[in-house]
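# Commentary on secondary and tertiary structure
Here is how the chains run, residue by residue.
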Amino acid sequence: MTFEKQVVLVSGAGRGLGAAIARAFVENGAQVAVNYRRSEAQAKTLVAELGQRAVAIQADVSDPLEARRLVNDAAEAFGHHVTTVVNNALGDFSFNGDAREKIQTIGWDDFLGQMDVSLRGSLNLIQAAAPAMEAAGWGRIVNIGTNLFQNPVVPYHDYTAAKAALLSLTRTAAGDLGPSGITVNMVSGGLLRVTDASAATPEAIFDLIAQSTPLRRVTTPAEFADAVLFFASPWSRAVTGQNLVVDGGLVRD
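Remember, predicted model here, so these are calculated numbers, not experimental data. All residue numbers here refer to positions counted from 1 along the written sequence of the relevant chain. With pLDDT at 70 or above as the cut-off, local features in this predicted model cover only qualifying residues; side-chain atom pairs require 80 or more to be listed or tallied, and sums for whole chains, interfaces and linings still use all residues. Excluding hydrogens and water, the side-chain values take into account all heavy atoms of the structure.

### Some points on unusual backbone geometry
We apply this condition: Secondary structure follows DSSP: runs of H or I at least 4 residues long count as helices, runs of E at least 2 residues long count as strands, and numbering of each begins at the N terminus.
The phi dihedral of Arg216 is positive, around 60°, even though this residue is not glycine. Note on placement: Arg216 falls in the loop between helix 6 (203–212) and helix 7 (221–232).

See the structure below:
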């Protein structure tokens, strides 16, 4: 299915990486539901920029009823069921390096906060969108991960654990949904220059990462979005259950 025929739902798309992904899909002809939880002003500004092929829809994807409403509202807005889901939403988080809690002090509630959105929210959207995809015999699900479980250079224990669990869900869901023509893949990045979440990162960290990559630079949200589009494109039709690391070659998986 070409992008022009796709109805794409991007969770957590009001700002940052999600906004870059939504923008990339619209620029390539897709219709996009820009989901947000609290970033109403940013989401509406983005939709005003993107035009008639985008709509902003508020929902907390960690709530299964809200996730189902989100999928239904997106289908109603575009007159077609959601064909493509990008699970980008994450719990409240700031990539602030050494200011993060160490393993000696981090609480279980921090883990639950990340699991509730990254893992449960993704599961909710997959379950809400899958029936229409199965009926059509075609669908694309792209989960957003991290390279930190291969390269744990900072103590983001809760965030990393939630994304590792999401990778497991990616692989098991691919097995269940593959016979219906639905692929499930993950795109994992490192630190991106610059999103709202990475704005608290010291410049020295950006410089260190850049010098550690073969490309000698930090990946941008737009470059990361390119890989997301690949998994939604016709060119990935035989690829499922995979994790693609997009970080300029920092992690060579």
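### Side note on helix 1 (residues 16–27)
Here is the rule: One less than the residue count of a helix, multiplied by 1.5 Å, gives the span that helix is expected to have. Note on exposure labels: buried denotes an accessible area under 20% of the residue type's maximum, exposed denotes more than 50%, and partly exposed covers the range between, all computed with a 1.4 Å probe on protein chains only.
Its 12 residues place the ends of helix 1 17 Å apart at the C-alpha level, agreeing with the 16 Å of an ideal helix rising 1.5 Å per residue. In terms of residue burial, helix 1 counts as a mostly covered element, since 9 of its 12 residues are buried. Just downstream of helix 1, Gly29 is the residue with a positive phi angle, here 105°.

### Regarding the packing of aromatic side chains
Keep this limit in mind: Pairing of aromatic rings covers Phe, Tyr and Trp, the last counted by its six-membered ring, and requires centre-to-centre distances within 6.5 Å; plane angles under 30 degrees mean stacked, over 60 mean edge-to-face, and any other angle means tilted.
The tally for this structure, following the rule as stated, stands at 3 aromatic pairs. Geometrically, the ring pair formed by Phe3 and Phe25 is edge-to-face, given 5.8 Å between the ring centres and 80° between the ring planes. Taken together, the positions of Phe3 in the segment before strand 1 (7–10) and Phe25 in helix 1 put the pair 22 residues apart, joining distant regions of the chain. Each member of the pair, Phe3 together with Phe25, is buried.

### Section: the nonpolar core
Keep this limit in mind: To define a nonpolar core, start from buried Ala, Val, Leu, Ile, Met, Phe, Trp, Tyr and Cys residues and group those joined through side-chain atoms within 4.5 Å.
Ile21, Phe25, Val32, Val86 and Val228 are the most contacted members of the largest nonpolar core, which has 33 residues in total. Of all the elements in the fold, those that place two or more residues in this core are strand 1, helix 1, strand 2 (31–36), helix 2 (40–50), strand 5 (139–146) and helix 7. If you look at the next biggest cluster of nonpolar residues, it comprises 31 residues, including Leu125, Met133, Ile141 and Ile182.

### Points about helix 3 (residues 64–78)
Worth spelling out the cut-off: In this description, one arc is meant: the one made by directions from the helix axis to the C-beta atoms. We call two residues contacting when some pair of their heavy atoms lies within 4.5 Å.
With 15 residues, helix 3 extends 22 Å from end C-alpha to end C-alpha; this agrees with the ideal 21 Å at 1.5 Å per step. Taken together, the buried positions of helix 3 are Ala67, Leu70, Val71, Ala74 and Phe78. On an axial view of helix 3, the arc spanned by its buried residues comes to 95°, and they lie on one face. Looking at helix 3, the residues exposed on the side facing more than 90 degrees away from the buried face are Leu65 and Glu76. Looking at the packing, one finds that the buried side of helix 3 touches strand 1, strand 2, strand 3 (54–58) and helix 4 (108–136).

### What about the sheet that holds strand 4 (residues 84–87)?
What counts is decided by this rule: Pairing between strands requires that DSSP locate at least two bridges from one strand to the other. What counts as an axis is a line fitted to C-alpha atoms, over the stretch in contact for a helix, and the angles between N-to-C directions run from 0 to 180 degrees.
Taken in spatial order, the 7 strands make up an open sheet running 3-2-1-4-5-6-7, and their pairing is parallel. At either end of the open sheet lies a strand with only one pairing partner, and these are strand 3 and strand 7 (243–246). Between one strand axis and the next, the sheet turns through 20° on average, direction left out of account. Pairing of strand 1 with strand 4 involves 3 bridges; the strand directions are parallel. Looking at the pairing, Val8 lines up with Thr84 of strand 4. Packing against the sheet, helix 4 makes contact with strand 1, strand 4, strand 5 and strand 6 (182–189), and its axis sits at approximately 175° to strand 4. Packed on one face of the sheet, helix 5 (residues 157–177) meets strand 5, strand 6 and strand 7 and runs near 160° to strand 6.

### Considerations on the environment of Asp110
Mapped onto the elements of the fold, Asp110 is located in helix 4. In this structure Asp110 comes out as partly exposed when scored by relative accessible area, which is 34%. Expressed as a C-alpha distance, the spacing of Asp110 and Ala238, which sit 128 residues apart in the sequence, is 37 Å.

### Here we look at the pairing of strand 2
Here is the rule: The path from the first strand over the helix to the second decides the hand: if it runs clockwise while the strands point away from the viewer, the crossover is right-handed.
Here strand 2 lies mainly inside the structure; 5 of its 6 residues are buried. Handedness of the crossover is the feature at issue here: the chain leaves strand 1, passes through helix 1, returns alongside strand 2, and the resulting connection is right-handed. Bridge count between strand 2 and strand 3: 5 bridges; the pairing is parallel. Looking at the pairing, Ala33 lines up with Val55 of strand 3.

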